[in-house]
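Breakdown of the fold
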Amino acid sequence: MQDTLLFIRPLVEKYDRPGPRYTSYPTAPQFQAAFAEDDYRAAAERSNRAATPKPLSAYVHIPFCESLCYYCACNKIITHNRERAAEYLAWLKREVELQGALFDDSRRMTQLHLGGGTPTYLSNDQLGELMAALDDAFHFAEPEAREFSLEVDPRTVTPEQIHELHALGFNRLSFGVQDFDARVQEAVNRIQSEAQVVELVAAAREAGFQSVSVDLIYGLPLQTVASFDATLDKIIALRPDRIAAYSYAHLPELFKAQRLIRPEDMPPPERKIELLELTIRRLTEAGYVYIGMDHFALPEDELSLAKENGTLQRNFQGYSTHADCDLIGLGNTAIGKVGDSYSQNVKETAQYQARLEAGRLPVMRGYRLNADDLLRRDVINALMCHGRIDFAAIEADHDIDFRDHFADALAELEEMADDGLLAIDEGSIEVLPAGRLMMRNAAMAFDAYLSHGPGRYSRTV
């Protein structure tokens, strides 16, 4: 994939349509309730028996927040009752114990991510309990081999707590900033000062965190090009190692919290395109590498190096250098990927507790991939991670003739090639600089399930 990125607005507008994010293939709408606890246990056993069992990764969902951010579409519980978090932690530790029993002791956990909700809703003592339970069940890799991260709401922690988080074993932090503009913050009910964020980023660097990330959202109510440019100025001055700039999907018919945003405050559709163009220009001019989708990283960051050397991967958390692990989902709604299967836990905390009380894993649904799924997943991952599909490599791994097997997909991609977004020859498909923002569109041509129904997806650009 060529490193340069061209923003051609007419083409961006043409291809900006709903589509999957491809953090997995098949995507979550294909998960089935028929996939149950016994299927998950069988998948874990198959993964243990692999010739070279993969290292372990975990995503832990902490659903609690103190206040409601109006834009949020995550699964969360708004409460000031800390007892609820203590109860949840007890059940979470029980799930950790049950899950740990499924995986061979020789396997090591190399990646861990705490998301939410607000992981830092838990006190540092509670997070310490959780980390001890995880280490006991899954056997943490040596510190130099770990990528242990958590999402931090800057409103919930002090600089001293940041140092304590590092001492607990976390080496990566992601701060949710979204926007520094006071009017935008008020419109989405997430008010935090620039000074808070600056102080915490400084504390993270002082504590020795390997990587500090910042999350932004464009397309929020009352955002203008000028106001978001000012936010970008402040973020660039902070110089985080990674920046995720997410497009806001306003779906008030699906997400109750979003109904609290005044319709008249929402920017027009063309504003989002302007904000995206601004973000790409400002961050790349500041020296950040466009990794793909919403992600930017400094040139010396592991993501940039992985993109350069062809080892970049994707999982449910987005782009990663450790994605080729068996991913264990812990907590309500958490999604996992073990062996040739995906699974998701129950959504409601009452259901979660009831399953664990009965000594059962809280798996609600999932999917076991067939041979065609595995083939298409490899193709889509090659496209999304490397911007290039080598037909011979796919043919060798899956015993197919690429052009024959994917004749329909190649025909569908001709329009993107004609528009200068892709280069297609006898042996490969390559994403061109003008097509780097439309990789999801190209991946959709290889998705066997889109014809089964449109689903509800964010827009591709």
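All values derive from a computational prediction rather than experimental measurement.

Bringing the layout of surface pockets into the picture now. By volume, the second largest pocket amounts to about 550 Å³. Lining of the second largest pocket is provided by 25 residues; of these, Arg377, Asp378, Asn381, Ala382 and His386 occupy positions nearest its centre. For the lining of the second largest pocket, the secondary structure elements donating two or more residues are β11 (313-315), α12 (371-386), β17 (388-390) and α13 (391-398). Sort the elements by how many residues they give to the lining of the second largest pocket and α12 lands first, with six residues.

What follows is about the environment of Glu95. Among the structural elements, Glu95 can be located in helix α3 (residues 82-100). Between the C-alpha atom of Glu95 and that of Arg281, which follows or precedes it by 186 residues, the distance is 45 Å. Of note is the side chain of Glu95, whose polar atom sits 2.8 Å from the backbone nitrogen of Gly331.

This next bit is on the environment of Ser174. Locating Ser174 in the fold gives a position in strand β6 (residues 172-178). For Ser174, a relative accessible area of 13% translates into the label buried. Considered as a pair, Ser174 and Gln99 are 75 residues apart in the sequence and their alpha carbons are 26 Å apart. Setting aside its immediate chain neighbours within four residues, Ser174 contacts Leu150, Glu151, Val152, Ser213 and Asp215.

Here we take up a negative patch on the surface. Together, Asp125, Glu160, Glu164 and Glu199 give the surface a local cluster of negative charge. Tracing the backbone shows Glu164 in helix α5 (residues 159-167).

One open sheet accounts for three strands, arranged β17-β19-β18; its pairing is antiparallel. Of all the strands in the sheet, the pair left with one neighbour each is β17 and β18 (422-424). The mean inter-strand angle of the sheet, taken between neighbouring strand axes irrespective of direction, is 10°. Sheet topology note: the β17/strand β19 (residues 428-431) ladder contains three bridges and is antiparallel. From the neighbouring strand, Ile389 faces β19, where its bridge partner is Ile429. Of the strands in this sheet, β17 and β19 are in contact with α12, which crosses β17 at around 140°. Its contacts with the sheet place α13 against β17 and β19, and it is angled at close to 55° to β17.

Cut-offs and rules
Throughout this description, residue numbers start from 1 for each chain and increase along the sequence as written. Local features are withheld for residues below a pLDDT of 70 in this predicted model, meaning they are given only at 70 or higher, and side-chain atom pairs are given and counted only at 80 or more; totals for whole chains, interfaces and linings count all residues. For side-chain calculations, the full set of non-hydrogen atoms in the structure is used, while hydrogens and water are omitted. Detection works on a 1 Å grid of protein atoms alone, calling trapped sets that fit a 1.4 Å probe cavities and calling open sets with protein on both sides within 12 Å along at least five of seven lines pockets, with lining residues defined by an atom within 4 Å of a point. Grid points are joined across faces, edges and corners, and a volume is the space filled by probe spheres set on the points. Numbering of helices and strands starts at the N terminus; helices are DSSP runs of H or I of at least 4 residues and strands are runs of E of at least 2. Think of a polar contact as two N or O atoms within 3.5 Å of one another; within protein, one of them needs to be a possible hydrogen donor and the other a possible acceptor, and neighboring residues in sequence only count if both atoms come from side chains. Categorising residues by exposure relies on relative accessible area from a 1.4 Å probe, with only protein chains included: less than 20% of the type maximum marks a residue as buried, more than 50% marks it as exposed, and the intermediate range marks it as partly exposed. Any pair of residues with heavy atoms lying within 4.5 Å of one another is described as a contacting pair. Grouping into patches uses exposed residues only, defined as over 30% relative accessible area, and leaves out salt-bridged ones; the cut-off is 9 Å for like charges and 5 Å for nonpolar side chains (Val, Leu, Ile, Met, Phe, Trp, Tyr). Residue exposure ignores everything except the shown protein chains as possible cover, and the areas themselves are Shrake-Rupley values with a 1.4 Å probe. Salt bridges are identified by distance alone: a Lys or Arg side-chain nitrogen within 4 Å of an Asp or Glu carboxyl oxygen. All tallies of charge rest on Lys and Arg as positive and Asp and Glu as negative; His and the ends of each chain are not included. Just so you know, the charge point we use is NZ for Lys, CZ for Arg, CG for Asp and CD for Glu. When DSSP locates at least two bridges between a pair of strands, those strands are taken to pair. Every axis in this analysis is a line fitted to C-alpha atoms, fitted for helices over the stretch in contact. Angles between the N-to-C directions lie between 0 and 180 degrees.

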